[in-house]
Amino acid sequence: MSKKNTAVPGRIAGFLGENSYIIVFVAIFIVYALTTNGLTWSGMMNVFRHSAVIGIIGLGMGLICITGEIDLSVGSMLALDGGFSVIIFNMTNSIVLTFLFAVLFGAFCGLINGVMVGWIQMPAFIVTLATMLIYRSFAQYFCQHVDKALIGGGSSVYKMANSQSSYQTLYNFGNGKVSTIPIVGLILIIMTLVFVYITTSTKYGKKVYAVGSNMKGAQMAGINTAVFVIAGALVGIGAFLWIAMNASADPATTGNSYEMYAIAAAVLGGISMSGGKGKCLGILFGAMSYTIIDKIIVSLKMDSLINNAIKGIILLIVIMVQIVGPQIKQKFKKTE
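Residues numbered from 1 in each chain as written. Predicted model: local features only at pLDDT ≥ 70, side-chain atom pairs only at ≥ 80, totals over all residues. Heavy atoms only, no water.

Asks: What exactly am I supposed to notice about a nonpolar patch on the surface here?
Replies: Taken together, F108, L111, I112, V115, W119, I120 and M122 make up a surface patch of nonpolar side chains, about 630 Å² in accessible area. Residue placement: W119 occurs in helix α5 (residues 95–119). On the basis of relative accessible area, W119 is assigned to the exposed category, the value being 55%. (Patch = residues over 30% accessible without salt bridge, like charges linked within 9 Å, V, L, I, M, F, W, Y side chains within 5 Å. Areas by Shrake-Rupley, 256 points an atom, 1.4 Å probe, with all protein chains shown as cover. Salt bridge = Lys/Arg side-chain N within 4 Å of Asp/Glu carboxyl O. Helix = DSSP H or I, 4+ residues; strand = E, 2+ residues; numbered from the N terminus. Buried < 20%, exposed > 50% of the residue type's maximum accessible area, 1.4 Å probe, protein only.)

Here it is as structure tokens:
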């Protein structure tokens, strides 16, 4: 086979492997457009709104995956952080203090994971599986045993007290729009751009990629600990947005399966689970893809129980493309 004949298929395979997140998003969006009763601007903006929390958590998960690790605790961390943030809001009536607490407490929870993985060198899967159980259990326990006034009078759910003067301001922030664009969606876009810059234009970002296949280097540089702390802080931002949008946090259901969705958003975004590869920009598309799948299922009036099965199938297909694409590209390179 001539060089000319093999070059084009090789480039196509390489493009598919490196930019699969765009292809997947476009394909899912086309299905969404065909299945809805007229695609509206409001409907598209709702995709941004509903992708905000999982997208921001996905950015932290993406960093962890780039280092070759995983965090199974982010969903439970969201429930715990969100519940405690509600308590802080009800105690202080301060949006600023609530936000600071959410971020710092999330970073602290991430630090617990990071120290055990980065410094004690325990397997991330085991550590975060354990903290997943711990954080969810704590969220449920304290909701039952804290003074009911501090959780908004609810018996099993943390509720922001609507008697607080800052309640409506925070709720309006979580559900507000700027020129028809949801505020939380804008925050997701801004956070994505920040992490695109960090991972592509800073020394720290380059170290994160560099140590993806060099665990000794990761431990020496403290990268493992740092990425878990950053991921925890991002969960904190997600928790703050969650209570701003919903005015409550259910310790039993908030963040349920979000660890899987965050991992899937990262993988759909082209992040390699083996570490060292992927783009943070892709995580934005990955998170929106999952949100759109939910909307497609609703518009088709399909049984919601099939939701995760469809997401799982799409995830397998994307991973297959990520693996097979580079292999095909390499094969054509050898024949050139």
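Past the structure itself, the notes keep going.
Asks: Help me understand the layout of surface pockets, please; the structure alone is not making it clear to me.
Replies: Over the atoms, a rolled probe matching the size of one water molecule traces out where space is still vacant. Of the volumes computed, that of the second largest pocket is approximately 340 Å³. Forming the boundary of the second largest pocket are 16 residues, of which H50, I54, Y258, T291 and D294 lie nearest the centre. Taken together, the elements giving at least two residues each to the lining of the second largest pocket come down to α3 (41–66), α11 (223–246), α12 (258–268) and α13 (280–299). For the lining of the second largest pocket, the residue count by class is 9 nonpolar, 3 polar and 4 charged. (1 Å grid on protein atoms, 1.4 Å probe; cavity = no way out; pocket = protein on both sides within 12 Å on 5 of 7 lines; lining within 4 Å. Points joined across faces, edges and corners; volume = space filled by probe spheres on them. Nonpolar A, V, L, I, M, F, W, Y, C, P; charged D, E, K, R; others polar.)

Asks: How should I be thinking about the environment of S76 in this particular structure?
Replies: With respect to the secondary-structure elements, S76 resides in helix α4 (residues 74–92). On the accessibility criterion, S76 (3% relative accessible area) is buried. C-alpha separation for the pair S76 and S257, spaced 181 residues apart in sequence, amounts to 8.7 Å. Setting aside residues up to four positions removed in sequence, S76 forms contacts with M132, Y135, R136 and E259. (Contact = heavy atoms within 4.5 Å.)

Asks: What's the story with the packing of aromatic side chains in this structure? I'm lost.
Replies: Given two aromatic rings, one states the distance between the centres and the angle between the planes to describe the pair. Enumeration according to the criterion identifies 15 aromatic pairs in this entry. Between F101 and F105, the aromatic rings sit 5.3 Å apart at their centres with planes inclined by 10 degrees, giving stacked as the arrangement. Separated by 4 residues within a single helix, F101 and F105 lie in helix α5, roughly one turn from each other. Relative to Y261, the ring of Y258 has its centre 6.0 Å away and its plane inclined at 55 degrees; by these criteria the two rings are tilted. You can see Y258 and its partner Y261 sitting in helix α12, 3 residues apart, about one turn around the helix. We classify Y258 as buried; its relative accessible area is 16%. (Phe/Tyr/Trp six-rings, centres within 6.5 Å; stacked < 30°, edge-to-face > 60°.)

Asks: I keep staring at the packing of α3 against α12 and nothing clicks. Help me out?
Replies: Each packed pair of helices is defined by two parameters, the angle between the axes and the distance between the axes. One can describe the packing of α3 onto α12 by two numbers: an axis separation of 8 Å at closest approach and a directional angle of 70 degrees. If you check the angle between α3 and α12, you find them roughly perpendicular. By crossing handedness, the relation of α3 to α12 is classed as right-handed. In this structure, α3 uses V53, I54, I57, G58, M61 and G62 to contact α12, whose residues at the interface are Y258, E259, Y261, A262, I263 and A266. Partitioned by chemical class, the residues of the contact of α3 with α12 number 9 nonpolar, 2 polar and 1 charged. (Axes fitted to C-alpha atoms, helices over the stretch in contact; angles between N-to-C directions. Parallel < 35°, antiparallel > 145°, perpendicular 65-115°, else oblique. Left-handed = near helix turned anticlockwise from the far one by under 90°.)

Asks: Whenever I open this one, unusual backbone geometry confuses me. Can you help?
Replies: Residues other than glycine predominantly adopt negative phi, and peptide bonds predominantly adopt the trans conformation. The backbone of S179 sits at a positive phi, close to 50 degrees, despite the residue not being glycine. Mapped onto the fold, S179 is located in the loop between β2 (177–178) and β3 (181–182). The exposure class of S179 is exposed, given its relative accessible area of 63%. In the Ramachandran plot, S257 falls in the positive-phi region, its phi being about 70 degrees despite a non-glycine side chain. By the secondary structure assignment, S257 is in the loop between β4 (248–249) and α12.

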